[in-house]
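The lines below spell out each chain.
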Amino acid sequence: MVLGGLEPEVLVGNFIGDAVKGNQWKALPARVAHGVLVHRQIDSKADQHPASLSSRAILRPVFGRMSGVALDMLHDHLLARAFPQWVDHAGGLPGFAGEALDILSGQTQHIPPRRQRFLEALRRHDWLVGYGDASEMRRVCAAMDARIPWPTELERLMDEWGRWEADLVWHFEEMFTDLMEEFTAQSPPCLPLRTWQR
């Protein structure tokens, strides 16, 4: 949500991006479709960034084929816990999360039912803010473990990652800084991103 900005229809497209398969984006309103494509581009750039590849290699011995999911969750945690370091929003993370959820709640005509249920859960459990808290992340990981029909070990993430914290934080900062620079240059976001010094 941060890199895509808070323009309402673009935010919706970013939010539903994982639920829009193949060329389905072509049937969406132009700015929603743009948000879907931005989401795909951000995901691709983040996944293929050398720093992310290094982080997944660190996590793989513990999390196996779920190392990518574990890294995505860890990135959410690292962004949330240091949010003011990255984003200049007057309300901090709670203000940003509330604004984003309010925008999405006003655009539900474009949101598939399953993603609407996820939106309701985000608001009900205050997950966007909770991602910054290790205890809340443990609950989120445990809930994901319960939904996936094979052993994932995700519940161990918040207890295990401290062994490699310095490297994983450095890799996240490298990756996110590069993405901020690239996406701000392409299309200035609807909220000010801070300049990060490497």
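Rules used throughout
- Residues numbered from 1 in each chain as written.
- Predicted model: local features only at pLDDT ≥ 70, side-chain atom pairs only at ≥ 80, totals over all residues.
- Heavy atoms only, no water.
- Helix = DSSP H or I, 4+ residues; strand = E, 2+ residues; numbered from the N terminus.
- Rg over C-alpha atoms; globule rule 2.2 N^0.38 Å.
- Buried < 20%, exposed > 50% of the residue type's maximum accessible area, 1.4 Å probe, protein only.
- Phe/Tyr/Trp six-rings, centres within 6.5 Å; stacked < 30°, edge-to-face > 60°.
- Axes fitted to C-alpha atoms, helices over the stretch in contact; angles between N-to-C directions.
- Left-handed = near helix turned anticlockwise from the far one by under 90°.
- Contact = heavy atoms within 4.5 Å.
- Nonpolar A, V, L, I, M, F, W, Y, C, P; charged D, E, K, R; others polar.
- Parallel < 35°, antiparallel > 145°, perpendicular 65-115°, else oblique.
- Salt bridge = Lys/Arg side-chain N within 4 Å of Asp/Glu carboxyl O.

**Things to note about the overall build of the protein chain**
Counting secondary structure elements, the protein chain contains eleven helices and zero strands. A globule of 198 residues ought to have a C-alpha radius of gyration of about 16 Å, and the protein chain, at 16 Å, matches this closely. Reported as C-alpha extents along the three principal axes, the dimensions of the protein chain are approximately 45 × 40 × 35 Å. For the protein chain, buried positions account for 47% of its 198 residues.

**A few points about the packing of aromatic side chains**
Under the defined criterion, the tally for this structure stands at six aromatic pairs. With centroids separated by 5.8 Å and ring planes inclined at 80 degrees, the aromatic side chains of tryptophan 86 and phenylalanine 172 adopt a geometry described as edge-to-face. Here tryptophan 86, found in helix H5 (residues 83–86), pairs with phenylalanine 172, found in helix H11 (residues 165–186); they are 86 residues apart in sequence, far enough to count as distant. Here phenylalanine 118 and tryptophan 127 contribute two aromatic rings whose centre-to-centre distance is 6.3 Å and whose plane-to-plane angle is 40 degrees, an arrangement assigned as tilted. Phenylalanine 118 sits in the partly exposed class, given a relative accessible area of 28%. Overall, the relative accessible area of 16% leaves tryptophan 127 in the buried class. An aromatic cluster of three or more residues is present, and its members are Phe15, Phe118 and Trp127.

**Side note on the packing of helix H6 (residues 92–105) against helix H7 (residues 113–125)**
Axis separation between H6 and H7 bottoms out at 11 Å; the angle between their running directions is 145 degrees. For the element pair H6 and H7, the recorded crossing hand is left-handed. Contact with H6, carried on its side by Leu101, Asp102, Leu104 and Ser105, involves Leu119, Leu122 and Arg123 of H7 and no other residues of that element. Broken down by class, the residue content of the contact of H6 with H7 amounts to four nonpolar, one polar and two charged.

**Quick look at the packing of helix H3 (residues 50–63) against helix H4 (residues 67–81)**
In the contact formed by H3 and H4, the axes pass within 8 Å of each other and the chain directions differ by 120 degrees. The angle between H3 and H4 places the two elements in the oblique class. When the axes of H3 and H4 are compared, the crossing they make is right-handed. Each of Ser52, Ser55, Arg56, Leu59, Arg60 and Phe63 in H3 lies in contact with H4, whose residues at this interface are Ser67, Gly68, Ala70, Leu71 and His75. Considered class by class, the residues forming the contact of H3 with H4 number four nonpolar, five polar and two charged.

**Remarks on the pattern of salt bridges**
Under the counting rule described, the total for this entry stands at nine salt bridges. The partner of arginine 139 in a salt bridge is glutamate 136, with the nearest N and O atoms 2.7 Å apart. With arginine 139 and glutamate 136 both in helix H9 (residues 134–147) and three residues apart, this pair spans about one turn of that helix. Because the salt bridges share partners, they merge into one network encompassing Glu153, Arg156, Glu160 and Arg163.

**A look at the side chain of glutamate 136**
By relative accessible area, which is 14% here, glutamate 136 ends up buried. Each residue touching glutamate 136, except ones within four places of it in the same chain, is listed here: Trp127 and Gly130.

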